Amino acid sequence: MRGIVYTGEGVEVTDALEVRGPGPNEVQVRMQAAGVCHSDLSVIDGTIPFPAPAVLGHEGAGVVEAVGDAVRSVKPGDHVVIATLASCGACRACSTGHPTMCKSSLGNISTPFTFKGEPASNFAAASVFSETTIVSEVQAVRIPKDVPLSSACLIGCGVLTGVGAVLNRAKVLPGDPAAVFGVGGVGLNVIQGLRIAGASRIVAVDTAAAKEVR
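Everything numeric in this text was worked out from a predicted model, so none of it was measured. Residue positions are given per chain, counted from 1 along the sequence in the order it is written. Note on the predicted model: pLDDT of at least 70 is required for a residue's local features to be given, and 80 or more for side-chain atom pairs to be given and counted; whole-chain, interface and lining totals, by contrast, use all residues. For side-chain calculations, the full set of non-hydrogen atoms in the structure is used, while hydrogens and water are omitted.

## What to know about the state of the cysteines
Here is the rule: Any pair of cysteine sulfurs within 2.5 Å is marked as a disulfide. Here's how the labels work: a residue is buried when its accessible area is under 20% of the maximum for its type, exposed when over 50%, partly exposed in between, all with a 1.4 Å probe on protein chains only.
Evaluation of the coordinates by the stated rule reveals zero disulfides. With no disulfide of its own, C91 has C88 as its nearest cysteine by sulfur position, at a separation of 3.6 Å. C88 supplies the cysteine sulfur nearest to C102, a cysteine that is in no disulfide, at a spacing of 3.7 Å. A relative accessible area of 1% means that C102 is categorised as buried.

Structure (structure tokens):
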């Protein structure tokens, strides 16, 4: 199986990658599209220390290939977006709609892969830079089949980060004015979130002329 592996000294595009089958509460997904987030690059350049070898990538969408015996929310053939939060789904944080506060979603590293015969870690509980990955059921979010997977893959990080910053952190109210500093992938989705929230005036600021919002 092909994938992109962080070796500790850099990255390697390889065929020497294998992945185990899904456990009872896991989903096996054939990846169809993936985005490159700066967090992936930060692992490569050492800004984010991470154990090697590891299969990178955490913005992805694909098609369910197989599911564990206890999985009920998705089935083979479903199109899904991969969420990076491997939350437990049962604690107080999860049951009140705050999965980002679930202790199970933090530092969630496992080794469903082998690279050249040695255990390899996942990254952000996702590892979408591989032909096939294994995630927990709660991470496989079913989407309509008419949604382009090349667009859907961005939802798992860039879209959620930008829109979530507006709705959950800044708590922008209808009529509020807002300024967005930096209109890259996350910034553009902050603007989308501000439109959803009903902001009255949105000012976007960026030093790169190519990112000018019209």
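## Structural notes on the sheet that holds strand 7 (residues 79-82)
Selection criterion: Two strands qualify as a pair provided DSSP detects at least 2 bridges between them. Where helices and strands are cited, they refer to DSSP runs of H or I of at least four residues and of E of at least two residues respectively, numbered from the N terminus. Each axis is a line fitted through C-alpha atoms, taken for helices only over the stretch in contact, and angles between the N-to-C directions span 0 to 180 degrees.
If you walk across this open sheet you meet the five strands as 10-4-6-7-11, and the pairing is antiparallel. In the strand order of this sheet, the two ends are held by strand 10 (132-136) and strand 11 (140-143), each with one partner. Across the sheet, the axes of successive neighbouring strands diverge by a mean angle of 45°, strand direction being ignored. In terms of strand pairing, strand 7 meets strand 11 through four bridges, oriented antiparallel. Residue V80 lies in a different strand from strand 11, and its bridge partner there is R142.

## Focus on the packing of aromatic side chains
Ring pairs (aromatic) are described by centroid distance and by the angle formed between their planes. The following threshold applies: Under the pairing criterion, centres of Phe, Tyr and Trp rings, with the six-membered ring standing for Trp, must be within 6.5 Å; the plane angle then separates stacked pairs below 30 degrees from edge-to-face pairs above 60, leaving the rest tilted.
Applying the stated criterion across every chain yields a total of one aromatic pair. Judged by centre distance (5.0 Å) and plane angle (85°), the ring pair of F50 and F123 falls under edge-to-face. In this pair, F50 sits in the loop between helix 1 (38-44) and strand 5 (54-55) while F123 sits in the loop between strand 9 (118-122) and strand 10, placing the two residues 73 residues apart along the sequence. For the pair F50 and F123, one class covers both residues: buried.

## So, the side chain of E59
The cut-off we apply is this: The term polar contact refers here to a pair of N or O atoms within 3.5 Å; inside protein, the definition further demands a hydrogen-donor-capable atom paired with an acceptor-capable atom, and it admits residues adjacent in sequence only when both atoms are side-chain atoms. Pairs of residues are marked as contacts when any of their non-hydrogen atoms sit within 4.5 Å.
By secondary structure assignment, the location of E59 is in strand 6 (residues 59-67). Within polar-contact distance, the side chain of E59 engages the backbone nitrogen of G158 at 2.9 Å. Once residues lying within four places of it in the same chain are set aside, the contact partners of E59 are A33, A34, G35, V36, C37, V128, C153, L154, C157 and G158.

## Description of the pattern of salt bridges
Short version of the rule: Every case where a carboxyl oxygen of Asp or Glu lies within 4 Å of a side-chain nitrogen of Lys or Arg is listed as a salt bridge.
With the rule as written, the count across this model stands at five salt bridges. Between R2 and D15 there is a salt bridge, with the nearest N and O atoms lying 3.3 Å from each other. Residue R2 is located in the segment before strand 1 (3-6), and its partner D15 is located in the loop between strand 2 (11-14) and strand 3 (17-19); the two are separated by 13 residues in the primary sequence. Assessed through its relative accessible area of 41%, R2 is described here as partly exposed. Classification of D15 as exposed rests on a relative accessible area of 51%. Close ionic contact of E12 with K116 constitutes a salt bridge, the shortest N to O distance being 3.4 Å. Placement of E12 in strand 2 and of K116 in the loop between strand 8 (113-115) and strand 9 is noted, with a sequence separation of 104 residues between them.

## Observations regarding the pairing of strand 13 (residues 201-205)
Basically, it comes down to this: Crossover handedness is defined here as right-handed if the route from the first strand over the helix to the second strand goes clockwise, with the strands pointing away from the viewer.
Examined bridge by bridge, strand 12 (residues 177-181) and strand 13 share five bridges and lie parallel to one another. Pairing of P177 across the sheet is with R201, part of strand 13. This β-α-β element, strand 12 to helix 5 (residues 185-197) to strand 13, shows right-handed connectivity.

## Structural notes on the sheet that holds strand 5
Across the sheet, which stays open at both edges, the six strands sit in the order 2-1-5-9-8-3 with mixed pairing between neighbours. What marks the edges here is a single partner per strand, and that holds for strand 2 and strand 3. Across four bridges, strand 1 lies against strand 2 in antiparallel orientation. Looking at strand 2, one finds that G3 is bridged to T14.

## Focus on the packing of helix 4 (residues 158-170) against helix 5
Counted only if it meets this: Reported orientations rely on four angle classes, namely roughly parallel under 35 degrees, roughly antiparallel over 145, roughly perpendicular from 65 to 115, and oblique for the rest. The sense of a crossing depends on the near helix, which, turned anticlockwise from the far helix by less than a right angle, makes the crossing left-handed and, turned clockwise, makes it right-handed.
The N-to-C vectors of helix 4 and helix 5 enclose an angle of 45°; their axes lie 7 Å apart at closest approach. In terms of their interaxial angle, helix 4 and helix 5 are classed as oblique. By crossing handedness, the relation of helix 4 to helix 5 is classed as right-handed. Contacts between helix 4 and helix 5 involve G158, V159, T161, G162, V163, V166 and L167 from the first element and G185, V186, N189, V190, G193, L194 and A197 from the second.

Any functional reading would require information that these geometric values do not contain.
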